[in-house]
Every structure is written in structure tokens, then in C-alpha cells.
Amino acid sequence: MKNIAVIGAGSMGNGIAHTFAQFGYKVSLIDVSQENLDKGLATITKNLDRMLSKEKISESDKNETLANITLYTDLAKGAEYAGLVVEAATENESIKLDLFKQLDEICPDDTILATNTSSIPITKIAAVTKRPKQVIGMHFMNPVPIMKLVEIIRGYNTSDETNQTIVEIAKKLKKVPTEVNDYPGFVANRILMPMLNEAVETLYNNVAGVKEIDTVMKLGMAHPMGPLQLADFIGLDVCLSILEVMYDGFKNPKYAPCPLLINMVRAGKLGVKSGEGFYDYSTSKKAEVVSSQFN
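The rules we used
- Residues numbered from 1 in each chain as written.
- Predicted model: local features only at pLDDT ≥ 70, side-chain atom pairs only at ≥ 80, totals over all residues.
- Heavy atoms only, no water.
- Phe/Tyr/Trp six-rings, centres within 6.5 Å; stacked < 30°, edge-to-face > 60°.
- Helix = DSSP H or I, 4+ residues; strand = E, 2+ residues; numbered from the N terminus.
- Buried < 20%, exposed > 50% of the residue type's maximum accessible area, 1.4 Å probe, protein only.
- Lys NZ or Arg CZ within 6 Å of the ring centre and 35° of its normal.
- 1 Å grid on protein atoms, 1.4 Å probe; cavity = no way out; pocket = protein on both sides within 12 Å on 5 of 7 lines; lining within 4 Å.
- Points joined across faces, edges and corners; volume = space filled by probe spheres on them.
- UniProt positions renumbered as here; feature names shortened; annotations may be inferred.
- Contact = heavy atoms within 4.5 Å.
- Polar contact = N/O pair within 3.5 Å; in protein donor to acceptor, adjacent residues only side chain to side chain.
- Expected span 1.5 Å × (residues − 1).
- Arc of directions from axis to C-beta.

## Here's the deal with the packing of aromatic side chains
So, step 1. Throughout the structure, instances matching the rule amount to four aromatic pairs.
So, step 2. A ring pair is formed by phenylalanine 20 and phenylalanine 140, whose centres lie 6.4 Å apart and whose planes are at 70 degrees; its orientation type is edge-to-face. Note that phenylalanine 20 is positioned in helix H1 (residues 11-22) and phenylalanine 140 in strand E6 (residues 135-140), a separation of 120 residues in sequence. The burial state of phenylalanine 20 is the same as that of phenylalanine 140; both residues are buried.
So, step 3. Taking the ring centre of tyrosine 25 as reference, the NZ or CZ of lysine 2 above it sits at 4.5 Å.

## Section: empty space enclosed by the protein
So, step 1. Going through the model one piece at a time under the given rule, you end up with one cavity of 30 Å³ or more.
So, step 2. Of the pockets and cavities examined, the largest cavity occupies roughly 30 Å³.
So, step 3. Along the walls of the largest cavity sit Met193, Leu196, Asn197, Val200, Ala231, Cys239, Leu243 and Leu261, which together make up its complete lining.
So, step 4. Elements supplying a minimum of two residues to the lining of the largest cavity: helix H8 (188-204) and helix H11 (236-250).
So, step 5. For the lining of the largest cavity, the element with the highest residue contribution is H8, accounting for four residues.

## Let's talk about the UniProt feature "site: Important for catalytic activity" (unreviewed entry) in the chain
So, step 1. Per the UniProt record, "site: Important for catalytic activity" (unreviewed entry) is annotated on His139.
So, step 2. In this fold, histidine 139 is placed in strand E6.
So, step 3. Histidine 139 gets classed as buried once you look at its relative accessible area, which sits at 4%.
So, step 4. Residue contacts for histidine 139: discarding those within four places in its chain leaves Thr115, Asn116, Thr117, Ser118, Leu149, Val150, Glu151, Ile153 and Asn189.
So, step 5. A distance of 2.8 Å separates polar atoms of two side chains, one belonging to histidine 139 and the other to glutamate 151.

## Overview of H8
So, step 1. Between its first and last C-alpha atoms H8 spans 24 Å; for 17 residues at 1.5 Å apiece the expected length is 24 Å, and the two agree.
So, step 2. For H8, the full list of buried residues reads Asn189, Met193, Leu196, Asn197, Ala199, Val200 and Leu203. Projected down its long axis, H8 carries its buried residues within an arc of 150 degrees, all on one side. Of the exposed residues in H8, those oriented more than 90 degrees away from the buried face are Ile191 and Glu198.
So, step 3. Residues of H8 that are buried sit in contact with E6, helix H9 (210-221), helix H10 (227-234), H11 and helix H12 (259-266).

Below you can see the structure in the form of C-alpha cells.
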């Protein structure tokens, strides 16, 4: 289990690769785009430099971590010898199902296939493979190198052995594995996303402005970041996808995404990743509230 393949070089994927590599695992970081891989490796290097400047790691630790990571644009070459695959592709059901079909054919019979999905049922993903006992959810939190929680989600057929292996691996990464049941959104997003959606509804209904909503939650509820800024950080498209999965899974109107959130995603206002969401990130590292009307 020393060879790990991580699918996707975005913010979650590169963070997962960074964490495994830092703890001595050999990591194949796989993405369809070489540009994404280069950006991902640059992010890992930047984060390691930040840790080095704070004296949390040594220069040798940094170099060893980077040496443990190999980049691939070819899924078969990157995953063919992996003992564990952690899929961290975009939160799109059809993409994930297609990946797991391919991985099932590519990987050795004893390879565990894990997904970092935020909301899609593990049982549904496992069903497209011939190894449902070895499919499991391993949901890291962002930023991965810092956040301690890993949600461990068993599918209907996930074996005790697979579950225990992933729990032990999470502990080796100095994470806190927390086992939850396989329902849309699991625990983290089943609670978080309705709150973020309600913050968007509050803005949509002109109860208060962006800054005011975030200030109330930061100062009144001791949240480190307001819900609208957090939504920007996660990605409004990701928030929308998760809400849609939960709405489809439960058929409960409380999970229906706010029309404002839908319109912003359609307009390409996705938050930090696009340079603008509820805040403007284009001209300053310190987010400024977007001046345009949101309703």
C-alpha cells in the first residue's frame, strides 16, 4: 500500500497528493491536463515552502515530499501499480462513474478504490465495478494538508477489511477518520450545504448584504469564515452540484438550490477559482464585496 494514485490535480487532489507524499507514500498524481498537473505541483511546492518558512518541516522534508510525486496524464500508466487509488476529480457523477469503470479494469484485483466525493453515494459508484467490497469513500477536507478530518463512508458492500485499512491509513496521515453512513451529502455537506444555501437565500431575499451576513455568522456564531465567503472558497459550482445531488437523493425541498446560486454558476461567477463570486478576488488578495446587485 505504499503506491498511491490520486486522480485530479485540483485543490483537493493536489492537497491529497501532498499529504500522502509528505508521509512517505509514492504518489502518482494523474490528470487529463498537463497544465493542471503543473499548477498542482506548483501549489504543493508553494505550500511546502510556507511550511518550511514556519519551520514545520526541513528542506530535506520538502525535497523528499516532492521526490515522492510523479505526474501522469495517462490514467493507465499512473494507476496500474497502485495499491490504493483516491479519486478527486470534479464533483460530476458521470465523470466519476466512468473513472471507476476504467480503474476497475486497470488496477490489480486487490487495489482499493476510494473516492473523495463530497456527496455522491458510494454504493452507486461501487456498483459500476466488479469489486464493490473494495470501494469506499475517503472524503478529505480543504485545505487537505491542514484539516484533520477525513469522513470514511462505507458503501452497502464495502468489506470490514477495506474499511479498517482506510481507517488505519488515515491515522498514518495524522488525520482523524470519522465513519459515517452512505447517504447523499454524508454528514459534513448534509449540514454545511443547507446553511450556505440559506445564506444565499438570505441575500436573495434582501434581508442583508454580503458583508453583513458574513459578519453576523463570524461574530455571532464564531465561524472563522462567513458562509458566503466560504461558498466562494469551496466553489459555487461545487456547492450547486452537492445541493443537486442531495435534492435528487432525498426529494426534499430544503435541499433545493437558491435561484441566485444557480444564476451565478450559469454566469461563470464561481468564487475564488473564477476571480469573482460573492466577493471580487481579481485585484487584491483581500476579498472585496462585489458591488453589483445579487437579486
